[in-house]
Amino acid sequence: MNDHDPPAGGSHAARREHETWEAGRSPGAPGTGLGRSLGLTTLSALLPGSGLLRTRAWVLGIFLVTLAVASLGVLAATVWREGLTSTALATAADERRLRIVLGILIAGTVLWVGAVALTAVLTRPRRASRGQRWALAGFTALLCLAVTTPAALGTQYITSHLSAMDKVFTQDEPLTPGSPRPTSALGPDRLDPWAQLPRVNMLLLGSDAAEAREGTRTDTMIVASIDTHTGESVLFSIPRNLQRVPIPRDNPLHEVYPSGRYDCGDQCLMNAIWTEAELNAEENPQLYADDPTPGLTATRDVLSAVLGVDIHHTVIVNLEGFSDLVDAMGGVRVTVQEPIPINGRTYTDANGVIQLDPESPNLEWLEPGTQTLTGRQALGYSRSRVTTDDFSRMRRQRCMVAALIEQADPMTLLQRYPQIISAVGDNVVTDIPQSDLGVWAELVLLVQGASIQSLPFTPQNTDVADPDFAQIRYDVWEALHPAPEPAPAPGGDPQEPTATATPAAPQEPDDSPTVTPDDGSATTTESDELSDIGAVCD
């Protein structure tokens, strides 16, 4: 006789006990049936191993629950101590920590899925029907999928991030020899890593090359100077056609131009410095023995001499891949101030002036107004000059930089992170060392919350054919050292400014050429004064 068959002629109490035991094995019963199995398996999916506490593998369950609770406790304590944003930034900036997190994520997910599956196996009803077994197996598979999906997404984010870090950032070495020391070496104060660098100056270069490290034509040159404690920033745009630029004595190009000027008429423009240095390096390799990027080094050195400031770091963006970055961010919202043609064919007329072919089959116009641009449109907006001029293009490029910084909000970055970081990894190169990423990420947050000002060098304040570099340097110095707000005299008119000692500005150049577009048509001139970027772009 089976141990669980009701005893023949047994008492009423014995038969009741047997019926109760059978009911516990029926589908949906909370005791030992399918319902119990589903419930305990769900518990293991919510907290790893918790469902095992009611099985013969309860010791393993205690271990897994303790491990999970301890891990959550360490994470909570770290976030409470450092803050959520700081913890996320510190993790994202630390390659070693990221790899540890990746390993923990993979191992933890394997243990979690194993605990869910084991709970289902140990609690499955002994006499389950085929339908019950399939129901439990399907339910368990869904729970395992729910557990692994976030882990798979996290693994994708981390691996994409690590790949981009290796492509974009240097291993704590300057991108060019002789550049200022990386910020990680400037000060030992961990609480204030910027203590010895009140302003950091970043050179932003636009590249037409397929690879950002080679063949660069620097038509886009912007120096961003950032107050490291407030995030207040100033963008300086340097005209590509600036002539007679100074060449520092310690740059090998000085051997070719001993006068200290890159001077050969309108063929010697600022945007040709890169190519000039590369050609000179081919002819005189002994002068560039320790420099793998002579074009970049010369461009940085010359721009530093033009503006009168040290350039601490450089970012090179492949402009052809810039559209991929904008698309990955879901577009960028800007205010178009004048009709801008993109994708149209151009030709040079008999007078040597670039003209737009109005019959271009792929010609598209961006009309004035605030709008969200696709990557292709954003690239055209930033590069077009056929119906305007270089200086209008410089203004639009500064506006694009400001718009991208402002619109890089955490939610957008999180939702589109793999696409964004992939576009960055393929199209951006910088000499910011990986060890500095944490402090730089915090600085970017400051920049987003602070004001961004713009000081253009246009024909209104600069004669590009014969520039007054002393005046340019003074304008830069004045922009970076604004006079304090005047305090009202006691008992006097609060509108009356008090005397403030400031250096005397060099006399303004007499010649101020007007802005003339390539096609000879009129265009809107922009102010040559320091102003908020919003006033320039809106």
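Here the structure is a predicted model, which means the values were calculated and not measured. (Residues numbered from 1 in each chain as written. Predicted model: local features only at pLDDT ≥ 70, side-chain atom pairs only at ≥ 80, totals over all residues. Heavy atoms only, no water.)

Description of the nonpolar core
- Within the largest apolar cluster, 49 residues are counted, with the highest numbers of intra-cluster contacts made by Val332, Val334, Tyr381 and Met400.
- Met400 has contacts with Phe322, Val332, Val334, Ala378, Tyr381 and Ser382, leaving out every residue within four places of it along the chain.
- In this structure, Tyr262, Ala281, Ala298 and Val464 belong to the second largest nonpolar core, which totals 39 residues. (Core = buried A, V, L, I, M, F, W, Y, C linked by side-chain atoms within 4.5 Å. Buried < 20%, exposed > 50% of the residue type's maximum accessible area, 1.4 Å probe, protein only. Contact = heavy atoms within 4.5 Å.)

Quick word on the state of the cysteines
- Tallying each qualifying case throughout the model produces one disulfide.
- Disulfide partner of Cys264: Cys268, at an S-S distance of 1.6 Å. On the S-S bond that ties Cys264 to Cys268, the torsion sits near 95 degrees, and the link is right-handed.
- Exposure remark for Cys264: the relative accessible area of 41% places this residue in the partly exposed category.
- Its relative accessible area of 1% is what places Cys268 among the buried residues. (Disulfide = S-S within 2.5 Å.)

Observations concerning the pairing of strand β7 (residues 332–336)
- Burial runs high along β7: four of the five residues are buried.
- For β7 and strand β12 (residues 369–373), the ladder comprises five bridges, and the chain directions are antiparallel. Bridging from a neighbouring strand, Arg333 pairs with Thr372 of β12. (Helix = DSSP H or I, 4+ residues; strand = E, 2+ residues; numbered from the N terminus. Pairing = 2+ DSSP bridges.)

Details of unusual backbone geometry
- One non-glycine residue, Arg244, lies in the positive phi region at around 55 degrees.
- Here Arg244 falls in the partly exposed class, since its relative accessible area comes to 25%.

Some thoughts on helix α7 (residues 273–283)
- Of the residues making up α7, those classed as buried are Ile273, Trp274, Ala277, Asn280 and Ala281. The buried residues of α7 occupy one face: seen down the axis, they fall within an arc of 135 degrees. Facing away from the buried side of α7 by more than 90 degrees, the exposed set consists of Glu282 and Glu283. (Arc of directions from axis to C-beta.)

Quick word on the packing of helix α9 (residues 319–328) against helix α10 (residues 375–383)
- For the pair α9 and α10, the least separation of the axes is 7 Å and the interaxial angle reads 135 degrees. Judged on the interaxial angle alone, α10 and α9 are oblique. Handedness of the crossing formed by α9 with α10: right-handed. Contacts between α9 and α10 involve Leu319, Glu320, Phe322, Ser323, Val326 and Asp327 on the former and, on the latter, Gly375, Arg376, Ala378, Leu379, Ser382 and Arg383.
- Its residues placed into classes, the contact of α9 with α10 shows five nonpolar, three polar and four charged. (Axes fitted to C-alpha atoms, helices over the stretch in contact; angles between N-to-C directions. Parallel < 35°, antiparallel > 145°, perpendicular 65-115°, else oblique. Left-handed = near helix turned anticlockwise from the far one by under 90°. Nonpolar A, V, L, I, M, F, W, Y, C, P; charged D, E, K, R; others polar.)

Examining the environment of Leu64
- Residue position: Leu64 is located in helix α3 (residues 58–82).
- Overall, the relative accessible area of 8% leaves Leu64 in the buried class.
- Taking the C-alpha atoms as reference points, Leu64 and Leu47, 17 residues apart in sequence, are found 8.7 Å from one another.
- Excluding residues that lie within four positions of it along the chain, Leu64 makes contacts with Pro48, Gly49, Leu52 and Ala115.

Side note on a nonpolar patch on the surface
- The grouping of Leu53, Trp58, Val59 and Ile62 at the surface amounts to a nonpolar patch, some 380 Å² of accessible area in total.
- Along the chain, Val59 falls in helix α3. (Patch = residues over 30% accessible without salt bridge, like charges linked within 9 Å, V, L, I, M, F, W, Y side chains within 5 Å. Areas by Shrake-Rupley, 256 points an atom, 1.4 Å probe, with all protein chains shown as cover. Salt bridge = Lys/Arg side-chain N within 4 Å of Asp/Glu carboxyl O.)

Topic: helix α8 (residues 294–307)
- Taking 1.5 Å as the rise per residue, α8 with 14 residues should run 20 Å; its terminal C-alpha atoms sit 20 Å apart, in good agreement.
- Burial analysis of α8 places 14 of its 14 residues in the buried class, which makes it a mostly covered element. (Expected span 1.5 Å × (residues − 1).)

Structural notes on the pattern of salt bridges
- The full count for this structure, using the stated rule, is six salt bridges.
- Notably, a salt bridge pairs Asp263 with Arg244, separated by 3.4 Å at the nearest N-O pair. Placement of the pair is Asp263 in the loop between β5 (261–262) and α7 and Arg244 in the loop between β3 (233–237) and β4 (245–246), with a sequence separation of 19 residues.
- The class of Asp263 is partly exposed, set by a relative accessible area of 41%.

Overview of the packing of α10 against helix α11 (residues 390–407)
- Closest axis-to-axis distance for the α10/α11 pair is 7 Å, and the angle between their directions is 135 degrees. When the interaxial angle is binned, α10 and α11 end up oblique. Listed contacts from α11 to Ala378, Gly380, Tyr381, Ser382 and Arg383 of α10 are Arg393, Arg395, Arg396, Gln397, Cys399 and Met400.
- Looking at the contact of α10 with α11 residue by residue, the class counts come to four nonpolar, three polar and four charged.

Description of the confidence of the model for the protein chain
- On average, residues of the protein chain score 78 in pLDDT, and 77% of them reach the 70 mark or higher.
- Mean pLDDT across the elements of the protein chain bottoms out in helix α1 (residues 12–24) (47) and peaks in β4 (94).
- The low-confidence segment residues 17–31 (pLDDT under 50) makes 25 contacts with residues lying over four places distant or belonging to another chain.
- For the stretch residues 210–215, pLDDT sits under 50, and the model shows 10 contacts to residues farther than four places along the chain or on other chains. (pLDDT = per-residue confidence, 0-100.)

Re the packing of aromatic side chains
- By the definition in use, this model includes three aromatic pairs.
- On the numbers, 5.5 Å between centres and 80 degrees between planes, the contact of Trp194 with Trp440 is edge-to-face. Of this pair, Trp194 sits in the loop between α6 (130–168) and β1 (199–207) while Trp440 sits in helix α14 (residues 437–449), and the two are 246 residues apart along the sequence. Of the two residues examined, Trp194 and Trp440, each falls in the buried class.
- Seen in terms of ring centroids, Tyr474 and Trp477 are 6.5 Å apart; in terms of plane orientation they differ by 20 degrees. Their pairing is stacked. Here Trp477 and Tyr474 lie together in helix α15 (residues 469–480), a separation of three residues that amounts to about one turn.
- By relative accessible area, Tyr474 is classed as buried at 11%.
- Here Trp477 falls in the partly exposed class, since its relative accessible area comes to 40%.
- Above the face of the Tyr381 ring, Arg396 is positioned so that its terminal group lies 5.9 Å from the ring centre. (Phe/Tyr/Trp six-rings, centres within 6.5 Å; stacked < 30°, edge-to-face > 60°. Lys NZ or Arg CZ within 6 Å of the ring centre and 35° of its normal.)

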